[in-house]
Amino acid sequence: MTEFWLISAPGDKTCQQTWDKMNMATSRPNILSTNNKFNIPDLKVGTLDVLVGLSDDLAKLDSFVESVVKKVAQYMADVLEDSRDKVQENLLANGVDLITYITRFQWDMAKYPIKQSLKNISEIVSKQVTQIDNDLKARASAYNNLKGNLQNLERKNAGSLLTRSLADIVKKEDFVLDSEYLITLLVVVPKTNYADWQKTYESLAEMVVPRSTNLLFEDGESGLFSVTLFRKAVDDFRLKARENKFGVRDFQYNEEEMKADKEEMTRLSTDKKKQFGPLVRWLKVNFSEAFIAWTHIKALRVFVESVLRYGLPVNFQAMLLQPNKKNMKKLREVLYDLYKHLDSSASVIDASMDIPGLNLSQQEYYPYVYYKIDCSLLDFK
C-alpha cells in the first residue's frame, strides 16, 4: 500500500502527547496504520492575509508539481522500453526509495532556507519544477524525434517484400546495369505462386529474356525474383504481372542511395545509444528533485493549514500515517472520534463514498488537517 495520509492536530499539553494519543488510538485493538512523525521546522508565519492567499496558491502548486513528478516517472518508463522492471529502482528521492524518503522526511535547509518567507519558499519550488518541466519537454522532443526516425527506418527494413527496403537484399551483380535496351525488374511472388511464375514469366510480355529469372530472397510469405527484359516492354510486363498477382517493385539500383540509407541507420542507432545514458541519468536526478520538491510542498501546506485552523502560537504535531488497506474506513472513524471536537461542522463522511446530491469528491474535509500522498502513481507493472 503506497498511500499516505499526512495529518496534523494541535499540541495537547505537549506535541508528544498528541502523537502518543494518535499512535495508541490507531494501533489498538488492531493496527490500522503504520505511523511516523513528520518533521516540519519552525517556518516564518507572516500575516494572516498572506497565509490565506498562500493556501490557494499551494493547492495549485501541489497539483502542478505532482503532474511533473508523474510525467518524469512515465517518461522514464517510456525510455527504458524493454527494461520497465528497472523503472522502480531508478525512481529514488535523495538516493533512497520513496517510502523511506517520506517516512524519514527531513526538511532540506540548503534548498529551501527557512529564514525565507513561506511565499519565497513556494516560489523557489515553483521556479525549480517549472524548469524541470521545460527541460523535460525539450529533451523528450529531441529523443522522441530520433527514436521515431530510427523506427521508421527499421520499419522500412522489416516490412513485407512489397514495401521494405531492399538495400540489404540485392547486390550489384543481380542487375543488368548501364544498358541502353535491357533492364532488370524485381518482382514479388507469393510462395504459393512460384510454379505459375516459372511457367509464365517469359510470356507476360514480348521481349523478356528467356531463363533470366533468379530467386534473390524470400521471407515467410513471398519470394523476390529478378527478371530481365527490354525497356520498351516494361509497361506491358507490369500490367500482365499485376493480373497474375505478381507485384513488380518500383526499384532502381543506386549504390550511393543504398549506402546513404545504411549510414543513416547506423548514425541514428549510434546517436540513440549515445543519448540514452545521459537521458536516463537526467531523468533520475530530476525525478528525485521533483519528488523532494513535492514532499516539501505537502509540508508547507500542512504548516499553513494548521496555523489557519489551530491559530497562533504555532503548536501542532504533523503525522504521517500509512493506512492498512483493509482498515481504511475504520481508521477514518477512529481519527474522527479523536478529533471531532476540533470542528463540529466536519463530517465523518469519507469523500470517497459517493452520496447523491453531496459533491464531496472535490474536497475531502475533516476536523483535522489532512493531505494524501499517493506514491502508487509510480507503480509500473
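Computed from a predicted structure; not experimentally measured.

Participant: Is there a simple way to think about the overall build of the chain in this case?
Facilitator: Helix and strand counts for the chain stand at 9 helices and 8 strands. Scaling as 2.2 N^0.38, a compact globule of 381 residues should have a C-alpha radius of gyration of about 21 Å, whereas the chain reaches 34 Å, well beyond that. The buried share of the chain, reckoned over its 381 residues, is 44%. If you take every contact in the chain between residues at least 6 apart in sequence, the share linking residues at least 24 apart comes to 78%. Of the accessible surface of the chain, which amounts to about 20900 Å², a share of 50% is contributed by carbon and sulfur atoms. The chain carries 52 positive and 52 negative side-chain charges, and their two centres are separated by 4 Å.

Participant: Explain the nonpolar core here, please?
Facilitator: Burial of nonpolar side chains together is a common tendency in soluble globular proteins. Grouped together as the largest cluster of nonpolar side chains are 78 residues, with contacts concentrated most on I7, M22, I40, L283, F291, L335 and Y339. Residue contributions to this core peak at 18 residues, all from helix α8 (residues 255-310). The residues contacting Y339, other than those within four sequence positions of it, are I7, A9, T18, M22, M319, P367 and Y368. Within the second largest apolar cluster, 19 residues are counted, among which are W197, A205, V208 and F246.

Participant: Which parts of the structure should I look at to understand the confidence of the model for the chain?
Facilitator: Reading predicted coordinates in detail is not appropriate for stretches of low pLDDT. Residues with a pLDDT of 70 or more make up 94% of the chain, whose mean pLDDT is 91. The low-confidence segment residues 353-362, where pLDDT is below 50, has 5 contacts with residues more than four positions distant or belonging to other chains.

Participant: Sorry if this is basic, but what is going on with the pairing of strand β3 (residues 182-190) here?
Facilitator: Counted residue by residue, β3 has 7 buried out of 9 residues, so it is predominantly covered. Of the strand pairs in this sheet, β3 and strand β5 (residues 222-230) are connected by 9 bridges, and their pairing is antiparallel. In the strand pairing of β5, P190 is matched with S222.

Participant: Is there a simple way to think about the packing of aromatic side chains in this case?
Facilitator: What describes a pair of aromatic rings is the distance from one ring centre to the other and the angle between the planes of the rings. Evaluation of the coordinates by the stated rule reveals 18 aromatic pairs. Arranged with centres 5.2 Å apart and planes meeting at 85 degrees, the rings of Y366 and Y370 form a pair that is edge-to-face. For the pair Y366 and Y370, a shared accessibility class is recorded, and that class is buried. Looking at R332, its charged tip hangs above the ring of W5, at a distance of 3.8 Å from the centre.

Participant: I'm lost on the sheet that holds β5 in this one. Help?
Facilitator: Paired through backbone hydrogen bonds, the strands of a sheet run either parallel or antiparallel to each other. As summarised here, the arrangement of the 4 strands in space is β4-β5-β3-β6, forming an open sheet in which the pairing is antiparallel. Each edge of the open sheet carries a strand with a single partner, namely β4 (214-218) and β6 (247-249). Across the sheet, the axes of successive neighbouring strands diverge by a mean angle of 35 degrees, strand direction being ignored.

Participant: It is not clear to me how helix α7 (residues 234-243) should be interpreted in this structure. Could you clarify?
Facilitator: Every α-helix winds through 3.6 residues per turn, so residues three or four apart in the chain are directed the same way. Regarding α7, the residues found buried are V234, F237 and A241. In an axial view of α7, the angular spread of the buried residues amounts to 60 degrees, which keeps them on one side of the axis. α7 presents D235, R242 and E243 as exposed residues on the side facing more than 90 degrees away from its buried surface. Packed against the buried residues of α7 are β3, α6 (194-200), β5 and β6.

Participant: Can you help me understand the side chain of R301 in this one?
Facilitator: Here R301 shows up in helix α8. Here D62 takes part through its side chain, which lies 2.7 Å from a polar atom of the side chain of R301.

Participant: Would you mind going over a nonpolar patch on the surface with me for this structure?
Facilitator: A surface patch of nonpolar side chains, amounting to about 300 Å² of accessible area, comprises Y181, M207 and F230. Owing to a relative accessible area of 38%, M207 belongs among the partly exposed residues under this scheme.

Participant: In this structure, what is going on with the side chain of K298? I would like to understand it.
Facilitator: Counting through the fold element by element, K298 comes out in helix α8. Judged by its relative accessible area of 5%, K298 is buried. The contact partners of K298, leaving out residues within four places of it in the chain, are L6, D62, Y371, K372 and I373.

Participant: I would appreciate a short explanation of helix α2 (residues 48-80) in the present structure.
Facilitator: Under the 1.5 Å per step criterion, the end-to-end length of α2 is 47 Å for 33 residues, consistent within 8% with the ideal 48 Å. Phi turns positive one or two residues past the end of α2, at E81, with a value near 40 degrees.

The rules behind the values
Residues numbered from 1 in each chain as written. Predicted model: local features only at pLDDT ≥ 70, side-chain atom pairs only at ≥ 80, totals over all residues. Heavy atoms only, no water. Helix = DSSP H or I, 4+ residues; strand = E, 2+ residues; numbered from the N terminus. Rg over C-alpha atoms; globule rule 2.2 N^0.38 Å. Buried < 20%, exposed > 50% of the residue type's maximum accessible area, 1.4 Å probe, protein only. Contact = heavy atoms within 4.5 Å. Areas by Shrake-Rupley, 256 points an atom, 1.4 Å probe, with all protein chains shown as cover. Lys, Arg positive; Asp, Glu negative; His and termini not counted. Charge placed at Lys NZ, Arg CZ, Asp CG, Glu CD. Core = buried A, V, L, I, M, F, W, Y, C linked by side-chain atoms within 4.5 Å. pLDDT = per-residue confidence, 0-100. Pairing = 2+ DSSP bridges. Phe/Tyr/Trp six-rings, centres within 6.5 Å; stacked < 30°, edge-to-face > 60°. Lys NZ or Arg CZ within 6 Å of the ring centre and 35° of its normal. Axes fitted to C-alpha atoms, helices over the stretch in contact; angles between N-to-C directions. Arc of directions from axis to C-beta. Polar contact = N/O pair within 3.5 Å; in protein donor to acceptor, adjacent residues only side chain to side chain. Patch = residues over 30% accessible without salt bridge, like charges linked within 9 Å, V, L, I, M, F, W, Y side chains within 5 Å. Salt bridge = Lys/Arg side-chain N within 4 Å of Asp/Glu carboxyl O. Expected span 1.5 Å × (residues − 1).

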